[in-house]
Amino acid sequence: MKGDFFFGVFLFLLLRWLGLLFNLLAFPRLRPRPTPPWPTASLLVPARNEAENLKKTLPGLLRQGALEVLVLDDLSEDETPRVALDLGRAHPGFRLLRGAPPPPGWTGKNWACFQLAQEARGEVLVFTDADVLWEEGALGGLLEALEGKGMVSALPRQEVGPREGALVAFVMNGLFSFLPHPLLERLRVANGQVLAFRREAYFAIGGHEAVKGEVLEDVALARRARTYGLFLGTGLFRARMYRGYVEAVAGFAKNFLDIHLKNPALLLGSAFYHLALYTLPWFFGRWELGLMGLLERLWVQWALGGPLWPGLLAPLAPLLLLPVYLRALLPGKRWKGREV
């Protein structure tokens, strides 16, 4: 029975290797491009308690050459509005918006994005999180990718610290070897850190109002879009999602059940899947399978431009994920002072 189990582990690892090899060759990558001479894009940033992040990221957004950069202060409890104004007041396209409390049935982020969209004037609406750092040429590359499509999403390079690095890299970068790109795009896998829409396409699908109660609003919007593209943006966008293990557990727990189709059985199956592939081979002396999983994760880290050390911790990552699965099953999850 043990032999049959680990043969199954081998087959699943082989599938991940095949997915990784395919994506290394075929996953479309964004390239830096100059922003077109006519300004077409509105860069839209929902910001709740993002003062420290905006100090690092807002200058890069202001340099992109967009028609406008709108930051919505979503009832922040820190210095977010002051920092945004200090950095943006001299920029002709900058505006700071004061957010209203979310109405019943809305998640905070969806309500913030909806307010931003109502104020935006651009032909292209680009929603980006306040912790995403944009490199030179990022907007031009994103606009090029949007040609012929109604919506695109980009996967930034995930920057990590020593406390949360193993967990964040395992969750976020594992997508690159999970399925080949055409299947990921067909399933409408999306990343809400960078989403771009043609204005008419955004309002035609109902915008954030149509997905107002969804925690995974990025995927919900992508599934409504008629034409969609998923791109690797690791050369143009960088993000550090969480600072510390406790924050990473809380952040992932808020949407892990939704990621698994709101199905507890699927969620628990995912926990077992990752333990079986990356942890159990080491416990049972199947070093060849352990190395197969370890090398896959190291190659993913290399391919996405991240540090290699989180890949070395792949055997521990499924154990570090167990509190995420547990909290995802429990009610009363909170994020940034709000219930999710």
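Definitions and limits used
- Residues numbered from 1 in each chain as written.
- Predicted model: local features only at pLDDT ≥ 70, side-chain atom pairs only at ≥ 80, totals over all residues.
- Heavy atoms only, no water.
- Core = buried A, V, L, I, M, F, W, Y, C linked by side-chain atoms within 4.5 Å.
- Buried < 20%, exposed > 50% of the residue type's maximum accessible area, 1.4 Å probe, protein only.
- Helix = DSSP H or I, 4+ residues; strand = E, 2+ residues; numbered from the N terminus.
- Contact = heavy atoms within 4.5 Å.
- Salt bridge = Lys/Arg side-chain N within 4 Å of Asp/Glu carboxyl O.
- Pairing = 2+ DSSP bridges.
- Axes fitted to C-alpha atoms, helices over the stretch in contact; angles between N-to-C directions.

A.B. asks: Would you explain the nonpolar core in this entry?
C.D. replies: Generally speaking, a soluble globular protein has its nonpolar side chains buried in company with each other. Counting 61 residues, the largest nonpolar core has Phe 127, Met 151, Phe 176, Phe 197, Phe 252, Phe 256 and Val 324 as its most contacted members. Element by element, the count of residues in this core is highest for helix H12 (residues 264–278), at six residues. Setting aside chain neighbours within four positions, we find Phe 256 in contact with Val 171, Leu 267, Leu 321, Val 324, Tyr 325 and Ala 328.

A.B. asks: How should I be thinking about the pattern of salt bridges in this particular structure?
C.D. replies: Under the criterion given, the structure shown has 21 salt bridges. With a shortest N-O distance of 3.5 Å, Asp 86 and Arg 89 are connected by a salt bridge. You can call Asp 86 partly exposed: its relative accessible area is 43%. A salt bridge links Glu 159 to Arg 238; the nearest nitrogen and oxygen atoms lie 2.8 Å apart. Taken together, the residues span a long stretch of sequence, with Glu 159 in the loop between strand E7 (157–158) and helix H6 (165–173) and Arg 238 in strand E10 (residues 237–239) at a distance of 79 residues. Taken together, the shared-partner salt bridges in this structure form one network comprising Glu 68, Arg 95, Glu 119 and Arg 121.

A.B. asks: Would you mind going over the environment of Leu 14 with me for this structure?
C.D. replies: Position of Leu 14 among the secondary structure elements: in helix H1 (residues 2–26). Expressed as a C-alpha distance, the spacing of Leu 14 and Met 292, which sit 278 residues apart in the sequence, is 8.6 Å.

A.B. asks: Would you explain the sheet that holds E10 in this entry?
C.D. replies: Two strands in a sheet stick together by hydrogen bonds in their backbones, pointing the same way (parallel) or opposite ways (antiparallel). Pairing is mixed across the open sheet formed by three strands, whose spatial order is E5-E10-E7. With one partner strand each, in any of the chains shown, strand E5 (132–134) and E7 form the two edges of the open sheet. Strand direction decides the pairing type here: E7 and E10, joined by two bridges, are parallel. Within E10, the position partnered with Arg 157 by the bridge is Arg 238.

A.B. asks: Just checking my understanding: could you explain the sheet that holds strand E2 (residues 68–73) for this structure?
C.D. replies: Here seven strands make up an open sheet; going across it, the order is E3-E2-E1-E4-E8-E6-E9 and the pairing mixed. Sheet topology places strand E3 (94–98) and strand E9 (228–232) at the edges, where each strand pairs with a single neighbour. On average, each strand axis in the sheet is inclined to that of its neighbour by 20°, with strand direction left out of account. Where strand E4 (residues 124–128) lies against strand E8 (residues 194–198), five bridges are found, and the strand directions are antiparallel. From the neighbouring strand, Val 124 faces E8, where its bridge partner is Arg 198.

A.B. asks: Help me out: how do you make sense of the side chain of Ser 270 in this one?
C.D. replies: With respect to the helices, strands and loops of the structure, Ser 270 is situated in helix H12. When near neighbours in sequence (up to four residues on either side) are disregarded, Ser 270 contacts His 260 and Tyr 325.

A.B. asks: I tried to follow the environment of Arg 33 on my own but got confused; where do I start?
C.D. replies: Looking at where Arg 33 falls in the secondary structure, it is placed in the loop between H1 and strand E1 (41–47). Taking the C-alpha atoms as reference, Arg 33 lies 7.5 Å from Leu 139; in sequence the two are 106 residues apart. With sequence-adjacent residues up to four places away left out, Arg 33 is seen in contact with Gly 137, Gly 140, Gly 141 and Glu 144.

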